[in-house]
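The chain contents come next:
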Amino acid sequence: MNPSSWMPPVAWSLSHAQTVIEAAATVAFAASGLLEAARKRLDVVGVCVVAGLAAFGGGTLRDVLLDRRPFFWVAHANWLWVLLVACVAAMWLLRARHVPITQRAMQWPDALGLGLFSASGTQIALQMSLPPLVAVLMGVVTAVCGGMLRDIVINEIPTALYDRRPYAVCAFAGGWVLVGLNHLRMDDAWALPLAAATATLLRVAGMLTEVRLPSWREDL
Amino acid sequence: MNPSSWMPPVAWSLSHAQTVIEAAATVAFAASGLLEAARKRLDVVGVCVVAGLAAFGGGTLRDVLLDRRPFFWVAHANWLWVLLVACVAAMWLLRARHVPITQRAMQWPDALGLGLFSASGTQIALQMSLPPLVAVLMGVVTAVCGGMLRDIVINEIPTALYDRRPYAVCAFAGGWVLVGLNHLRMDDAWALPLAAATATLLRVAGMLTEVRLPSWREDL
Amino acid sequence: MNPSSWMPPVAWSLSHAQTVIEAAATVAFAASGLLEAARKRLDVVGVCVVAGLAAFGGGTLRDVLLDRRPFFWVAHANWLWVLLVACVAAMWLLRARHVPITQRAMQWPDALGLGLFSASGTQIALQMSLPPLVAVLMGVVTAVCGGMLRDIVINEIPTALYDRRPYAVCAFAGGWVLVGLNHLRMDDAWALPLAAATATLLRVAGMLTEVRLPSWREDL
């Protein structure tokens with residue numbers, strides 16, 4: 001008898017939903033890494049490393065900080081194969097056909113990943129009874145630090161730190177929504193999607209409008 | 001009855017002193033991050049991230065290396081609020097009034113932080129029975145790596161690695177003072193301030209004189 | 001009676017061989033860090049930090065990811081003294097005599113380190129029952145990430161990500177050789193050197209021929 005059949009159905013579907021969420025967000029972030037690697041004309045190793053950092057870097061850094069094992073990509077090692085094969089296939093396909101991927105088109109799956117990662121990162125930290133602000137920041141780390149590591153490795157200042165677009169602040173807001181709904185004892189099956197949707201919609205709103213964060217010494 | 005009231009007064013005051021020390025050094029380092037973020041014209045997210053890395057990065061890296069939890073900023077999460085509010089307030093105040101903060105003025109609190117962090121980092125590692133050189137290097141990591149992470153994120157070679165000013169070597173010397181005093185069984189209440197003062201005074205001496213570290217191929 | 005005398009001779013010689021392997025590779029990588037630090041004209045602190053990162057960075061990152069303690073440089077703290085003394089001595093000797101170290105000459109010990117580190121890193125992860133691909137990647141991290149951290153700290157894109165030379169892929173191949181030999185139940189005393197030799201010879205072959213990895217958009 002499969003031991004997982006003993007798991008109560010709700011817990012199972014939650015744990016299952018969390019895996020699906022992490023997977024979907026992972027693909028979106030890996031694509032952003034691919035794009036940056038192409039822009040810097042990295043070789044096949046560079047493409048895989050930068051895509052892998054963008055995809056798994058945020059969650060891995062969160063887990064290192066929380067001293068949590070196994071990592072997503074250790075428990076689900078098949079995803080590493082998917083990443084490697086997808087990177088090599090993408091290099092081969094996109095070189096052959098000159099498929100145009102614009103940074104603009106990439107913003108949509110990226111906004112989805114931002115919401116999903118900030119909600120799941122915050123939830124994981126809340127389950128470990130960390131203070132609310134720390135939990136929310138762990139959600140922001142999950143959502144934003146993959147992209148930051150991607151930019152640091154390719155020797156650029158992380159975009160999230162200077163472009164004045166709402167990005168990390170959307171993840172921050174989504175995390176607080178989860179903390180609030182958690183406080184109201186809402187079931188995670190509802191609270192998680194609501195928090196993720198808040199962060200994603202705020203990001204989309206930021207993309208479609210000219211809202212800008214304050215910058216230091218913009219007048220200079 | 002509060003369980004901490006059972007703690008012997010000396011142990012309590014030591015643990016209390018260590019918290020105060022870490023807090024004071026944290027403020028000094030956060031200010032250095034603020035300054036660098038302003039120089040690079042980061043937005044409000046960048047200012048908070050760079051100030052936070054400068055303030056908490058060294059101690060967090062030390063704790064990750066030592067596999068020590070909770071981090072300072074998890075156990076004292078209120079300090080994160082202070083950091084966030086201070087960063088936003090600083091951006092607003094300094095933009096409005098054009099208060100001149102020069103790198104020169106910042107060197108003084110930074111020298112204090114250098115001493116305090118190197119002493120507390122070394123002490124923590126000694127309490128874990130690590131070899132003396134490792135303990136001293138953990139003090140250097142605590143004192144110097146926050147600034148190194150700050151510089152790496154804003155895409156510069158860490159100043160501590162090339163400017164030939166005595167900085168990390170002062171932390172190194174302060175750590176050895178603590179190891180020596182510890183070996184002589186001096187009480188930590190005396191040994192910690194003495195070690196911190198050694199590192200700080202050496203740094204101040206380096207600031208006021210023209211002492212330079214040897215560099216590789218300075219003649220080329 | 002020395003407790004280690006109770007260890008069965010084979011286990012002892014394996015554990016001893018692993019220490020020797022890590023030490024030899026460490027020296028090769030430290031030299032690569034020295035060279036880069038010289039090229040960037042860092043001061044004595046920078047030379048020690050960059051050499052130390054190149055030497056111990058890959059293994060330390062692997063151990064942080066695997067949540068494994070103590071680090072090599074904590075268990076064998078004497079190696080830190082060797083590193084510090086060697087760095088200072090190298091600065092003094094090479095400045096005085098203008099010994100020419102070319103990047104070309106450095107490739108040979110570096111190829112040795114690549115093989116040794118990828119085999120030992122993969123073995124350590126296999127002993128922890130991690131999935132084969134994760135174990136192989138831990139070997140690659142051990143072999144390649146020291147050099148990547150070295151390049152990131154001196155503010156360059158890691159060479160391993162763009163120069164199209166076979167480097168990380170050699171470590172990857174060596175790791176799979178170890179996984180295969182392990183699967184065939186070959187004794188580690190044979191499997192480890194065979195895997196290390198595979199990675200090293202592939203790297204040497206790559207150095208002596210004009211084999212290049214595919215790059216993204218090489219035609220632009």
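Residues numbered from 1 in each chain as written. Chains lettered and ligands numbered in written order. Predicted model: local features only at pLDDT ≥ 70, side-chain atom pairs only at ≥ 80, totals over all residues.

Asker: Can you explain the overall build of chain A? Please cite residues and give values.
Answerer: Regarding its fold elements, chain A presents eight helices and zero strands. Overall, chain A shows an N-to-C arrangement of helices and strands of α-α-α-α-α-α-α-α. Burial status across chain A gives 53% buried among its 220 residues. Contacts in chain A between residues at least 24 apart in sequence constitute 71% of all its contacts with a sequence separation of at least 6. (Helix = DSSP H or I, 4+ residues; strand = E, 2+ residues; numbered from the N terminus. Buried ≥ 20, exposed ≤ 12 C-beta atoms within 10 Å, placed from the backbone. Contact = placed C-beta atoms within 7 Å.)

Asker: Break down the relation of the copies chain A and chain C for me, citing the residues and quoting the values.
Answerer: Two copies of one chain are present, and they are related through a rotation about an axis combined with an axial shift. After a rotation of 120° and a shift along the axis of 0.0 Å, chain A superposes on chain C with an RMSD of 0.0 Å. A rotation of that kind, with that shift, is consistent with a three-fold axis. No C-alpha of chain A lies nearer the rotation axis than that of N155(A), which sits 3.8 Å from it. A share of only 13% of interface residues in chain A that are also interface residues in chain C marks the association as one of differing surfaces. (Least-squares fit on C-alpha atoms with pLDDT ≥ 70 in both.)

Asker: Tell me about the interface of chain C and chain B, residues and numbers included.
Answerer: With 23 residues of chain C at the contact, the number on the chain B side is 22 residues. Mapped onto the side of chain C that touches chain B, the elements with two or more residues apiece are helix 1 (9-39), helix 2 (44-66), helix 4 (78-97) and helix 6 (132-153) of chain C. At six residues, helix 2 of chain C tops the list of elements feeding residues into the side of chain C that touches chain B. When its residues are assigned to classes, the side of chain C that touches chain B shows 16 nonpolar, two polar and five charged. (Nonpolar A, V, L, I, M, F, W, Y, C, P; charged D, E, K, R; others polar.)

Asker: Talk me through the interface of chain A and chain C; I want residue IDs and the actual numbers.
Answerer: Facing 23 residues of chain A, the contacting portion of chain C comprises 22 residues. Of all the secondary structure elements, the ones that give two or more residues to the side of chain A that touches chain C are helix 1 (9-39), helix 2 (44-66), helix 4 (78-97) and helix 6 (132-153) of chain A. With six residues, the single largest contributor to the side of chain A that touches chain C is helix 2 of chain A. Across the side of chain A that touches chain C, the residue classes tally to 16 nonpolar, two polar and five charged.

Asker: Any details on the relation of the copies chain C and chain B? Residues and values, ideally.
Answerer: Placing chain C over chain B gives an RMSD of 0.0 Å and needs a rotation angle of 120°, together with 0.0 Å of translation along the axis. Interface residue correspondence from chain C to chain B reaches only 13%, placing this contact among heterologous pairings that use different surfaces.

Asker: Describe the packing of helix 6 (residues 132-153) of chain B against helix 7 (residues 168-183) of chain B, with residues and values.
Answerer: Residues and elements named next belong to chain B. Helix 7 packs onto helix 6 with a crossing angle of 135° between their chain directions and a minimal axis gap of 8 Å. With respect to each other, helix 6 and helix 7 are oriented oblique. Handedness of the helix 6/helix 7 crossing: right-handed. Residues P132, A135, V136, G139, V140, A143 and V144 of helix 6 pack against A168, A171, F172, G174, G175, W176 and V179 of helix 7. Of the residues that constitute the contact of helix 6 with helix 7, the class distribution is 11 nonpolar, three polar and no charged. (Axes fitted to C-alpha atoms, helices over the stretch in contact; angles between N-to-C directions. Parallel < 35°, antiparallel > 145°, perpendicular 65-115°, else oblique. Left-handed = near helix turned anticlockwise from the far one by under 90°.)

Asker: Explain the nonpolar core to me, using residue names and the numbers behind them.
Answerer: Core analysis: the largest hydrophobic core is formed by 226 residues, its most contacted members being V47(A), A51(A), V47(B), A51(B), V47(C) and A51(C). Setting aside chain neighbours within four positions, we find V47(B) in contact with W216(A), L34(B), A37(B), L42(B), C87(B) and M91(B). (Core = buried A, V, L, I, M, F, W, Y, C linked by C-beta atoms within 7 Å.)

Asker: How would you explain helix 6 of chain A if you had to name every residue and give the values?
Answerer: Residues and elements named next belong to chain A. With 22 residues, helix 6 extends 31 Å from end C-alpha to end C-alpha; this agrees with the ideal 32 Å at 1.5 Å per step. Roughly 45° is the biggest bend found in helix 6, and it falls at V144. Taken across its 22 residues, helix 6 has 20 buried, putting it largely inside the fold. Of the residues trailing helix 6, N155 is marked for its positive phi of about 65°. (Expected span 1.5 Å × (residues − 1). Bend = angle between axes of the 7 residues up to and from the residue.)

Asker: Describe the confidence of the model for chain A, with residues and values.
Answerer: This prediction gives chain A a mean pLDDT of 87; 85% of its residues lie at or above 70. Note that residues 1-5 of chain A has pLDDT below 50 and, in this model, one contact with residues that lie over four places away or in other chains. (pLDDT = per-residue confidence, 0-100.)

Asker: Just give me the short version of unusual backbone geometry, but keep the residues and values in it.
Answerer: The omega angle of the peptide bond from R69(B) to P70(B) is -5°, so this bond is cis rather than trans. Counting through the fold element by element, P70(B) comes out in the loop between helix 2 (44-66) and helix 3 (72-75). Positioned with a positive phi, D67(A) is a non-glycine residue whose angle comes to about 55°. Overall, D67(A) belongs to the partly exposed group, with 15 C-beta atoms counted inside 10 Å. Located in the positive-phi region is R41(C), a residue other than glycine, with phi close to 50°. Assignment of secondary structure puts R41(C) in the loop between helix 1 and helix 2. Residue class for R41(C) comes out partly exposed when judged on the 15 C-beta atoms lying within 10 Å of it.

Asker: Help me get a handle on the packing of helix 7 of chain B against helix 8 (residues 188-208) of chain B, residues and values and all.
Answerer: All names here are of chain B. Two elements in contact, helix 7 and helix 8, have axes whose closest approach is 8 Å; the angle formed by their N-to-C orientations is 155°. Judged by the inter-axis angle, helix 7 sits roughly antiparallel to helix 8. The interaxial crossing formed by helix 7 with helix 8 has right-handed handedness. Only A191, L192, L194, A195, A196, T198, A199, L202, R203 and G206 of helix 8 make contact with helix 7, whose side of the interface consists of C170, A171, A173, G174, G175, V177, L178, L181 and N182.

Asker: How would you sum up helix 7 (residues 168-183) of chain A? Please name residues and give values.
Answerer: All names here are of chain A. If you check helix 7, its first and last C-alpha atoms are 23 Å apart, about what 16 residues at 1.5 Å a residue would give, namely 22 Å. Every buried residue belonging to helix 7 is among A168, V169, C170, A171, F172, G174, G175, V177, L178 and V179, and all of these are buried. In the segment just after helix 7, R185 is the residue with positive phi, at about 60°.

Asker: Explain the environment of G115(A) residue by residue, including any values.
Answerer: Checked against the element boundaries, G115(A) lands in helix 5 (residues 103-127). Here G115(A) is in contact with G174(A), A196(A), A197(A), A199(A) and T200(A), once residues within four sequence places are set aside.

Asker: Break down the environment of D163(B) for me, with residues and values.
Answerer: Residue and element names in this part refer to chain B. Along the chain, D163 turns up in the loop between helix 6 and helix 7. Of the residues examined, D163 has 17 C-beta atoms within 10 Å and is grouped as partly exposed. For the pair D163 and L114, spaced 49 residues apart in sequence, the C-alpha to C-alpha distance is 16 Å.

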